[in-house]
Amino acid sequence: MGSELRGFICLWLQLLQVSRADEPQTWPVPYRRYDHRPTPDPFCQPKYPFCPTGSPNGEIPQLKDQDHIDVYRLQTPVWKFKYGDLLGYFHIMHDAIGFRSTLTGKNYTMEWYELFQLGNCTFPHLRSGIAAPFWCNQGAACFFEGIDDLHWKENGSLVKVSEVSGEIFNKMAKWVKEDNRTGIYYETWTVQADPNPGSKIWFESYDCSAFVLRTYHVLSKLGAVFKSPIQTNYTRIFLYSGEPTYLGNDSSIFGPHGNKTLAEQINSFYLPFRPPHSAKEFIISLLEIVDKVIVQNTFYLYFNYEYWYLPMKQPYIEITYEEIPLPS
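Residues numbered from 1 in each chain as written. Predicted model: local features only at pLDDT ≥ 70, side-chain atom pairs only at ≥ 80, totals over all residues. Heavy atoms only, no water.

Section: the overall build of the protein chain
Part 1 of the argument: Secondary structure summary: the protein chain contains 9 helices and 12 strands in total.
Part 2 of the argument: Sequence separation of 24 or more characterises 78% of the internal contacts of the protein chain that already satisfy a separation of 6 or more.
Part 3 of the argument: When the accessible surface of the protein chain is totalled, it reaches about 16,800 Å², and 56% of it is carbon and sulfur. (Helix = DSSP H or I, 4+ residues; strand = E, 2+ residues; numbered from the N terminus. Contact = heavy atoms within 4.5 Å. Areas by Shrake-Rupley, 256 points an atom, 1.4 Å probe, with all protein chains shown as cover.)

Comments concerning the sheet that holds strand 2 (residues 93–101)
Part 1 of the argument: Here we have 6 strands laid out as an open sheet, ordered 4-3-2-1-5-8, and antiparallel in their pairing. Both edges of this open sheet fall to strand 4 (139–145) and strand 8 (225–226), since each of them pairs with a single strand only.
Part 2 of the argument: Bridge analysis of strand 3 (residues 107–114) against strand 4 gives 7 bridges, and the strand direction is antiparallel. By the bridge assignment, T109 is partnered in strand 4 with F144. (Pairing = 2+ DSSP bridges.)

So, the pattern of salt bridges
Part 1 of the argument: A complete count under the given rule lists 10 salt bridges for this structure.
Part 2 of the argument: Measuring nitrogen to oxygen at the nearest pair gives 3.7 Å for the salt bridge that ties K171 to E167. Taken together, the residues span about one helical turn, with K171 and E167 both in helix 5 (residues 166–182) at a distance of 4 residues.
Part 3 of the argument: Between R274 and E281 there is a salt bridge whose closest N-O contact spans 3.9 Å. (Salt bridge = Lys/Arg side-chain N within 4 Å of Asp/Glu carboxyl O.)

A few points about a nonpolar patch on the surface
Part 1 of the argument: Judged by side-chain polarity, F282, I283, L286, L287, V290, I294 and V295 come together as a nonpolar surface patch covering roughly 640 Å² of accessible area.
Part 2 of the argument: As for its placement among the helices and strands, L287 is situated in helix 9 (residues 279–295). (Patch = residues over 30% accessible without salt bridge, like charges linked within 9 Å, V, L, I, M, F, W, Y side chains within 5 Å.)

So, the packing of aromatic side chains
Part 1 of the argument: Enumeration over the complete set of coordinates arrives at 35 aromatic pairs.
Part 2 of the argument: The interplanar angle of 15 degrees and the centroid separation of 4.1 Å between the aromatic rings of F123 and F273 together place this pair among those described as stacked. Taken together, the positions of F123 in the loop between helix 3 (118–122) and strand 4 and F273 in the loop between helix 8 (260–270) and helix 9 put the pair 150 residues apart, joining distant regions of the chain.
Part 3 of the argument: By relative accessible area, which is 16% here, F123 ends up buried.
Part 4 of the argument: Taking 5.4 Å as the distance between ring centres and 50 degrees as the angle between the ring planes, the aromatic pair formed by F269 and F273 counts as tilted.
Part 5 of the argument: Given a relative accessible area of 2%, F269 falls into the buried group.
Part 6 of the argument: The class for F273 is buried, based on a relative accessible area of 18%.
Part 7 of the argument: Here the guanidinium or amino end of R73 rests over the ring plane of Y234, the centre of that ring lying 4.8 Å away.
Part 8 of the argument: Sitting above the plane of the F43 ring, R127 keeps its charged end 3.8 Å from the centroid. (Phe/Tyr/Trp six-rings, centres within 6.5 Å; stacked < 30°, edge-to-face > 60°. Buried < 20%, exposed > 50% of the residue type's maximum accessible area, 1.4 Å probe, protein only. Lys NZ or Arg CZ within 6 Å of the ring centre and 35° of its normal.)

This is the structure in structure tokens:
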């Protein structure tokens with residue numbers, strides 16, 4: 001990056017900070033809720049169908065109030081159907097919740113995940129003729145009958161953590177429907193100042209484990225008591241940076257009156273994250289990513305459909321698998 005361009009970006013960030021000086025910033029930035037879930041753009045196509053055997057709208061059947069429901073913690077390596085146990089060795093895990101009705105004997109699985117696979121939720125497409133990066137980043141709840149015991153038990157867990165009444169279950173179901181309607185996009189990254197406990201959190205992830213944890217807390221408020229014979233660990237992917245700077249949204253950056261230089265910088269940043277078509281292309285892209293994130297200490301985060309500049313710092317990125325206790 002040339003000295004003139006670096007100076008321009010610094011000036012641009014300072015101007016943005018001045019323009020927002022009268023707006024006190026809340027950290028972590030609150031996840032924005034919406035009044036409805038939009039229909040995905042036809043360009044966004046899943047490689048694997050979303051919620052193929054259940055309700056993709058978070059619809060949950062009504063159970064009898066007098067029913068007794070067993071609640072299970074479900075966890076398994078991400079993409080186990082494709083890569084087997086490989087990602088489990090790196091503690092990259094997917095989380096869900098299981099339920100069993102004692103009146104009917106039926107089992108159910110509830111999970112929240114990306115509509116168009118994780119890569120599309122983490123990085124955008126750069127499409128010819130479209131100025132702004134194009135995102136396919138919706139996530140949603142899926143509820144379906146049955147629990148695949150083998151799928152969850154192998155290198156994962158299927159553990160009973162609570163019991164609730166049918167009445168509590170039905171209240172939770174109403175919450176899930178509203179949560180699913182208003183929380184529409186997936187966020188991979190947790191961004192904080194450093195790895196130390198109590199460090200400042202700038203942005204929180206919004207993924208499968210976040211949904212499970214939210215659901216546990218809702219059940220707890222409704223009267224559920226939790227207890228687990230195992231430690232409840234969750235996967236989190238961290239970025240470490242100094243205080244982020246707000247940049248703007250699609251129209252203010254990429255629109256007719258936007259900032260052309262900043263727009264080019266954001267598109268250039270995302271370019272090496274595109275899927276590689278060869279080993280050579282992969283190596284070249286990896287070197288470009290290292291240069292941008294580690295050498296130039298730069299990351300552009302897309303959160304709440306807005307862009308933020310992250311001044312990256314060591315250790316830059318980390319995948320953790322740490323305990324988050326059940327509600328007490």
